[in-house]
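Each chain, written out:
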Amino acid sequence: MEIKVLSSKLVKPAHDGGAGAAAPVPEYVPLSVFDRVAYQMPMTIFCFAAPAPSTADIQKGLVAALTRYRAFAGQLGEGPDGTPAVVLNDHGARLVEAAVLDADIADMAGEPTPELLKLHPYLELELEEVVVVQLTRFRCGSLTVGFTSNHVVADGHATSDFLVAWGRATRGLPPMDICPVYHREELFRPRSPPLLEYDHRTREYYRPDPPAKTSAVGYDAYGTRSIVIHKAHLTKDFIVALRAKASQGGVPFSRFETIVAHVWRAMTRARGLGNGDPRQASTIRISIDGRRRLGAAAPAGYFGNLVLWAFPRATVGDLLSQPLKHAAQVIHDEVARVADAAYFQSFVDFACSGAVEEEGLAPSSVLKDVLCPDMEVDSWLTFPFYELDFGTGRPSWLTPSYFTSEGTLYLAPSNVGDGSVDAFVHVFQHNLHAFKQCCYSMD
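All values reported here derive from a predicted model rather than from experimental measurement.

With that out of the way, let us pick up the pairing of strand S6 (residues 93–100). Of all the eight residues making up S6, seven are buried; the element is thus mostly covered by neighbouring parts of the structure. Across seven bridges, the pairing between S6 and strand S7 (residues 131–138) is parallel. Within the sheet, the bridge partner assigned to Val100 lies in S7 and is Phe138.

If you want it as structure tokens, here you go:
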């Protein structure tokens, strides 16, 4: 597939007084303790079937959305006191227009391939923008919107608020009642004295090894090129049956808990971990949104990061010998432990205590080529991504981009819209056949 870039420009917010008006004086939003442990760039690709919305309409809506959500038109930098901050300087979001003359969108709708990387700008370059959008039109008339944002500025919850606002503005609808609220120093304050109720040194942080000890061991023979992304479509009926099986004789587990437990066991078996030490531990990293957990401490419309992680942990032997219910219970218990205001406040106390700087700790949110025997889960199941409507209807489908990390799992609602789920699983090519056998089986 050959991509032709037609244009690249900055789209800036609209200022009161029209195009000739002076830009507002820059404001500075200090990075919170949650922002400082966030991942970097997430990439999402939305597909719109023909007739697709016009570039002019999409750009007009983007201007309106950026005017309301200025952080996505700003830049990462420093505040007047030298601390890391989002600078609200209306630098703008980058909008790239591109065309594909030798392929139809149907060629992209199957299993994810490296071709997806052509649908957003090359991210090895140093980007000055917080948000980069690529509009790619195919010869069939369909459109993909490759949306890239810096996760340090906003998490998935906040980003989905922006996307919905962008769609509404494009359709000429009034903005939602809730305005974005940015971080300020009086939010998420540590207690005095701090109360460290949980271990954060080995969860949100880690102590980096000396450079000579950071190379991966045991997977060099395979290399990252042998990692593929399998799109497992889990139908509504299959999920209902899985939940019934996991919940036998107890409290029903959620759709999320059941699917993650099922994929965790399938990956453990497909990786061949059962052939080794059954006492070997496997851990899953699961994102937890703190908005509901923090209650009044998190203002409505908060635009930033409010995510920490749960780390369910089990032995390989238990994952393979115990029923699905066991893995689901491990996940349920750990998520319940972390999804609590006390845990989030303990993290704030630790992050502000000076221990991170004194002990040379670094955020554990580091992208790795290989996670085996562990996994990481990013769930989009509660994000209203399919409400991104530019006036011609909802997206036909959406997908994360093609950046491989063995053991990573993305969960997204299927475009079918009936409660089925698409699971994007990063797996070694030589384990793919075994994973498919396990993933689509109720055993």
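It is worth spelling out unusual backbone geometry at this point. Residue Pro193 follows Ser192 across a cis peptide bond; omega there is 0°. For Pro193, the position within the fold is in the loop between helix H2 (156–170) and strand S9 (205–206). Across the junction of Cys372 and Pro373, the peptide omega takes the value 10°, indicating a cis bond. Structurally, Pro373 can be placed in the loop between strand S14 (362–363) and strand S15 (375–379). Despite not being glycine, Asp90 shows a phi value in the positive range, around 55°. Along the chain, Asp90 falls in the loop between strand S5 (84–88) and S6. In this model, Phe188 sits at a positive phi of 55°, which is unusual for a non-glycine residue. Of note, Phe188 is situated in the loop between H2 and S9. Classification of Phe188 by relative accessible area gives buried; the value is 12%.

Cut-offs applied
Residues numbered from 1 in each chain as written. Predicted model: local features only at pLDDT ≥ 70, side-chain atom pairs only at ≥ 80, totals over all residues. Heavy atoms only, no water. Buried < 20%, exposed > 50% of the residue type's maximum accessible area, 1.4 Å probe, protein only. Helix = DSSP H or I, 4+ residues; strand = E, 2+ residues; numbered from the N terminus. Pairing = 2+ DSSP bridges.

Functional significance is not addressed by these values, which are geometric in nature.
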